[in-house]
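# Structural description and commentary
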Amino acid sequence: MLVYHASNEVVEKPMLVESNRLLDFGPGFYTTTNREQAVRFAASVVRKRGGKPILNVYEFDDVGFDGCLLLRFDEPSEKWLDYVAENRAGRYAGIRYDLVYGPVANDNVYTTIGLYLRGFMSREAAIAELRVRKLYNQLVFCAPSAFRYLKFVSAEEL
């Protein structure tokens, strides 16, 4: 399956780097199967860091779903919401997975998660709200061993 990584540079050899941001699925190398989503995110990266938008394309061997310690969310659920909320708050202390796959809590969705985190929305209401939104996916490589299932294909300046 093709996956995309948005950046302001070509990334032929992905690696794990320390992030100064709290992300949905914790630290890792973030990709998506949705090209349109990656293109939009590349523009966002350039606004924040400068440079030119680059779309890195990889082939992911989905044998990796069986060969890695995988956490998979096929849709927003209570478990997904709690996992994202704990990571975004910097409080996740559970199992460190090799791969995490599931919906993206983008800026539109994060408002709902923020209301949930501050106690203004119940878990059930937040899940109901998220299920009616069009959510894209993300596949996050959280361990160096997971990169063996990822092969660089190309990089495209947008």
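Up top you'll find the structure we're talking about.
What counts and what doesn't
Residues numbered from 1 in each chain as written. Predicted model: local features only at pLDDT ≥ 70, side-chain atom pairs only at ≥ 80, totals over all residues. Heavy atoms only, no water. Helix = DSSP H or I, 4+ residues; strand = E, 2+ residues; numbered from the N terminus. Buried < 20%, exposed > 50% of the residue type's maximum accessible area, 1.4 Å probe, protein only. Contact = heavy atoms within 4.5 Å. Core = buried A, V, L, I, M, F, W, Y, C linked by side-chain atoms within 4.5 Å. Pairing = 2+ DSSP bridges. Axes fitted to C-alpha atoms, helices over the stretch in contact; angles between N-to-C directions.

### A few points about the environment of Tyr30
Along the chain, Tyr30 turns up in strand β2 (residues 29–31). We classify Tyr30 as buried; its relative accessible area is 17%. Spatially, the C-alpha atoms of Tyr30 and Val84 are 14 Å apart, while their sequence positions differ by 54 residues. Among all residues touching Tyr30, those that are not within four sequence positions of it are Tyr4, His5, Leu23, Asp24, Phe25, Gln138, Leu139 and Val140.

### Thoughts on the nonpolar core
Within the largest apolar cluster, 21 residues are counted, with the highest numbers of intra-cluster contacts made by Phe25, Phe73, Trp80, Leu81, Tyr83 and Val100. Where this core is concerned, the elements lending two or more residues are α3 (78–88), α4 (107–117) and α5 (123–131). Among the elements that take part in this core, α3 stands out by supplying five residues, more than any other. Setting aside chain neighbours within four positions, we find Val100 in contact with Phe25, Leu71, Phe73, Tyr83, Gln138, Leu139, Val140 and Cys142. In terms of nonpolar packing, the next biggest core, distinct from the first, is built from 15 residues, Phe60, Ala146, Phe147 and Tyr149 among them.

### Quick notes on the sheet that holds strand β1 (residues 2–7)
One open sheet holds the three strands; their spatial order is β1-β3-β7, and the pairing between them is antiparallel. With one partner strand each, in any of the chains shown, β1 and β7 (150–157) form the two edges of the open sheet. Within the sheet, the average angular offset between the axes of one strand and its neighbour, ignoring direction, is 25°. Strands β1, β3 (54–60) and β7 of the sheet are contacted by helix α1 (residues 35–49), whose axis makes an angle of about 15° with β1.

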